[in-house]
Every structure is written in C-alpha cells, then in structure tokens.
Amino acid sequence: MCGVFGVYLTEDEDVGFSKLATFAYFGIYSLQHRGQESAGICSYVNGEIVRIANKGLVLDAISKEDIKNLKGKVAISHVRYSTAGDDSFENIQPIVRSSSRFGEVAIVHNGNLTNYHLIRRMLEKNGVNLKCTSDTEVFLGLLDVVEKDNSIASHILDEELIPYLVSVLKLVEGAYSILMIINGKLIAARDPLGFRPLLMGRRKDAIVFASETCAFDIIEADYWREVKPGEITIVDENGIRTYFFSKSQNTKKCIFEHVYFARPDSLIFSEYPYNVRKKMGMELAKEDDVEADIVIPVPDSGMPAAIGYSQYKNIPYEMGLIRNHYIGRTFIAPSQDIRNLSVLMKLNPNKGIIKDKSVVVIDDSIVRGTTSKRIVNLLKEAGAKEVHMRIASPPVIGPCYYGIDTPTKEELMASHMSVEDIRKFIGANSLKYLSLEGLMRSVQDPDSFCDACFTDNYPVEIKL
Ligand code: AMP
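Rules of the game
- Residues numbered from 1 in each chain as written.
- Predicted model: local features only at pLDDT ≥ 70, side-chain atom pairs only at ≥ 80, totals over all residues.
- Heavy atoms only, no water.
- Pairing = 2+ DSSP bridges.
- Helix = DSSP H or I, 4+ residues; strand = E, 2+ residues; numbered from the N terminus.
- Axes fitted to C-alpha atoms, helices over the stretch in contact; angles between N-to-C directions.
- Contact = heavy atoms within 4.5 Å.
- Patch = residues over 30% accessible without salt bridge, like charges linked within 9 Å, V, L, I, M, F, W, Y side chains within 5 Å.
- Areas by Shrake-Rupley, 256 points an atom, 1.4 Å probe, with all protein chains shown as cover.
- Salt bridge = Lys/Arg side-chain N within 4 Å of Asp/Glu carboxyl O.
- Buried < 20%, exposed > 50% of the residue type's maximum accessible area, 1.4 Å probe, protein only.
- Near = heavy atom within 4 Å.
- Polar contact = N/O pair within 3.5 Å; in protein donor to acceptor, adjacent residues only side chain to side chain.
- Nonpolar A, V, L, I, M, F, W, Y, C, P; charged D, E, K, R; others polar.
- Right-handed = clockwise from strand over helix to strand, strands pointing away.
- Domains from an automatic or database assignment.
- Buried area = accessible area lost by both parts, 1.4 Å probe.

### A few points about the sheet that holds strand 13 (residues 239-244)
Sheet architecture is open: six strands sit in the order 5-6-7-8-12-13, paired in antiparallel fashion. Single-partner strands in this sheet number two, and they are strand 5 (95-99) and strand 13. In this sheet, neighbouring strand axes are inclined to one another by 20° on average, regardless of whether the strands run parallel or antiparallel. Relative to strand 6 (residues 103-113), strand 5 runs antiparallel, the two being bridged by five bridges. Paired with Ser99 across the two strands is Gly103, which belongs to strand 6. Relative to the sheet, helix 6 (residues 162-171) contacts strand 7 (174-182), strand 8 (185-190), strand 12 (231-236) and strand 13, its axis offset from that of strand 12 by approximately 145°.

Encoded structure:
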C-alpha cells in the first residue's frame, strides 16, 4: 500500500524556484491515503541524487526548507505503508543506491515482490550488499549483476539501459508499479499482470506519472493513459520511448483498489472507484430483503456504496456517524474507563437521527472485525432499534501478497468464522456481505481482476 509519483519537466530546467518540488510534493500529498508511515522525494542534478525523506505524513515529513534543494528536470516521490520490510528509516522511499553501471540511481515502488527472498539470497551470493529490508532495493541491486537481455530491439538512446532493465524485470515476480531515475532519465514500469495502477499524465511543461489520477488533478495535469502491464516507459530530453518486456494477455488488477484503497475521485483501471462502489451498494441492495428506516455509511469508506444501496432500495440515506477529520499523529492511549475512546475519536453516532430507528449500516469490508463491533455497539448505545450491518464486498478470507496491507490468515475473521458467528461477534441484528458475483457485476471486465483476498485463488506463487 503505497503511492508513487514522478515528474519530468519538458521545458526549462528548474533551478530551484520550486516547480519540480511543487509537483513532486503535491503529487504525493494527494496520494496520502495510500500510505501514512513515511514520505520522500528525490531529484537529480549534475549526476547526483538529492533525497529528502522522513517518517510521518507528507506535511510533517517534508519541509518548505527541504524542498528548496530539489532542482533539475526530474523527480520521483513516494508515500509508504509498509507491506514488506519494517518501517525503519532505511526503508523510507525513494531508495537510492550507487550503481557500478549507472552511477547514483533512485527508485519508488508500489506493490510486493513474491520472489524477493530468492532474489535477495542470489544478490548476496554475488556480493551485493543490500541496506534495506524492504523488497524495493533489489531492483537496483540487480541492475549491477544481470547480463544483458537483447530480446527487445531498443532505440539507440537506450541501448545501454534497456537490455539490463529487461533482464531485471524478467527476474522479479509479483506486483510492482515502479518509477526510477537512472542517468537523469525518468523510467516507469509495471509488472506483466498489472496488479497496481500506474498512470501517465501531461501538462504543457511536464510529463507526470502517478498511482492515481487525483495526483494529476491537484497539479492541473491531464490524464493521458495507463502505463500498460509489462511496459517500460523512458522519458528524457529526447522525448518518450516505450518498450514491452512482456505481453501477457491476462491482467490481474487488484479488485481491492476499487473496494477500499483508491480515492473515489481517481480514475484507475479505466473506471472511477466511486462509480464502482456505488454499483457494489446497488448489487448489495438487490441481494438484500431487510426492511429499515435509514441507510447510513461508515465514513468515509462506506459512503459511495451506501448511496448506491439507498438509491436502489429507496430508503433514506443519512449521516448517522460523524467523522472527526482532525486526528493527529499523537495517539492518547485509551483509558480502561472510556471503553469507546479510540473509536469515538474518529466516529461519533449522530443521536438525532439514530434514536429509535432501524438502521442499515454500510461499510466496504470487514478485516479483523473490531471496527464493525465497535460501530454496532456505538449505534445501539445511541438508541438504534435495530442495527443491520451490510458489507459491500465478500468476506476477506486471504491475506494479500501483492501489496495490500492485510493481516495474517488467522487474524482475518472470515477465514475461520461463519457469517453467523461474525454477526454474533459484532453484535448486529443481521449481517450480510455482497456476493462475489455481485462484486464482479460491479466492475467492467471482471476476469481482468485479482480476487485472491476473497477467493484464495492466488495468481502468482509466493516463493520463500
Ligand atoms: P477491521 O476492524 O479490521 O475489520 O477493519 C475494517 C475497516 O478497515 C473497514 O472500515 C475498512 O474500510 C478498513 N480497511 C479495509 N482494509 C484495510 C486495510 N488493508 N488497511 C487498513 N484499513 C482497512
């Protein structure tokens, strides 16, 4: 769970009046929902990479003073939510390495490699020392040890780079949407199954890349196209060149991006998550015969589905839970006396609308079940007559090995409990999930998605 952003200025070089930095900074600022652990930006000037990176939210991690050092034509930036490796300082992205072949290189990565341990051992045998425990650094480590792969005809400008990159990308397996700075060029690549989104945009003065289009909106860039699965794109002063290191027919785009992860106003995988989520709510309503006075969302994640559900059923949509958006980084440990403090810090039931009502509550997913249990409890304490929990996706039964941060199988409530047992645990009057068929009816081209978290059908093997 990470967000990546990259920019290549096509007009004048930025000499520090901050266009480059502004784009790189605001790009990840709008991708903050994809990772809150750390943030970082790199730029390249005169053969050297400048890196600014710190723990925390973008606003806290990167200061106005820091970004004055970002100069040149090219920058990449990243927000991180660790799915591989711990949250130590070394693992904060962008990751920079000195390469014997290419000098200083930098990378940002969204995804998770499934053969990371194999590759790490192979690199160590070849005398390559890795400083991070995250899987991202192996892309850079491999650049120094692989043989050239000449299977793809490359433009004369890329003859020294593409054969090595193709070798690297043919070795790594799993999910990756990556952006790199190599020799002052901006390079984008996406794994052959296209698990994670990666999009290209343009302004009159820049080519940009991002995990979601909301990062283009904020800097007033236009969405151009997706970086396709199996594609490498190179941007430099000579323009844009595209190569395919794999032409797979089947993609495995992550369905959970549409269920929960991506921002509703972004365009990813050719659809708006808002529209998909609304359809999920409608499909859920079609499959449901409960009678209730109001439909309320768990904000913000359940809102589009609740709107769809309410419109289909013709039951009024109300704001039954009010969210406090100002939760800072400091967390006050909840005292034993105030049982609901940790959930009340975020959500407060709106007694004026809840009291004596039969309520349908909609959320996007249940993972460990703790959120739903607390919400049902709050609504009952606020006087709800009945609480019917509705989930706009099927039960999550399997962990994700391709870049979504989900707990182990044991911690996933639905992996070992029936729907009735979960209902009892959360204390709801009834509980219903959207069916897998209903979920698939909500997206275009359902076969192009990975649904392993709901089905246990993993498209890429995990190698230890
Ligand atoms: P839980 O209490 O573990 O059942 O959490 C469920 C809530 O977490 C739902 O409201 C989801 O919107 C949200 N959620 C779903 N998947 C994730 C995830 N991978 N990381 C963080 N939150 C999530």
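### As for a nonpolar patch on the surface
Taken together, the side chains of Phe26, Tyr29, Leu59 and Ile218 define a hydrophobic patch exposed on the protein surface, amounting to about 350 Å² of accessible area. Leu59 gets classed as exposed once you look at its relative accessible area, which sits at 57%.

### Some details on the pattern of salt bridges
Per the counting criterion, the structure on display carries 27 salt bridges. The salt bridge involving Glu65 is made with Lys68; its shortest N-O contact spans 3.0 Å. Using a relative accessible area of 49% as the deciding quantity, one classes Lys68 as partly exposed. Among the ionic pairs, Lys355 bridges to Asp356, the shortest N-O distance being 3.7 Å. Residues joined by salt bridges that share partners form a network here, namely Arg34, Arg196, Glu212 and Glu257.

### What to know about the site of the ligand
Inspection of the region around the ligand gives 15 residues, with Asp363, Asp364, Arg368, Gly369 and Thr371 positioned closest. Asp363 places a side-chain nitrogen or oxygen 2.6 Å from an oxygen atom of the ligand. In this structure, Asp364 approaches the ligand through a side-chain N or O atom, which is 2.4 Å from an oxygen atom. Here the ligand loses 85% of its free accessible area of 500 Å² to cover by the protein chains. Counting only elements with at least two residues in the shell around the ligand, the list comes to helix 8 (255-261) and helix 13 (370-381). A per-class count over the shell around the ligand returns six nonpolar, five polar and four charged.

### Section: the pairing of strand 19 (residues 386-391)
Counting buried positions over the six residues of strand 19 gives five, a clear majority of the element. Regarding the hand of the β-α-β motif, the stretch spanning strand 18 (residues 358-363), helix 13 and strand 19 is right-handed. Here four bridges tie strand 19 to strand 20 (residues 430-433), and the two strands are oriented parallel to one another. Within strand 20, the residue paired with Arg390 across the bridge is Lys432.

### A short note on the domain arrangement of the protein chain
According to the domain assignment, the protein chain contains domain 1 (3-251) and domain 2 (273-444). Computed over C-alpha atoms, the centres of domain 1 and domain 2 are 35 Å apart. Between domain 1 and domain 2, the residue contacts involve twelve residues of the former and seven residues of the latter. When the two sides are added together, the surface that domain 1 and domain 2 hide from each other amounts to roughly 770 Å², 59% of it contributed by carbon and sulfur. Its residues assigned to classes, the side of domain 1 that touches domain 2 comprises three nonpolar, six polar and three charged.

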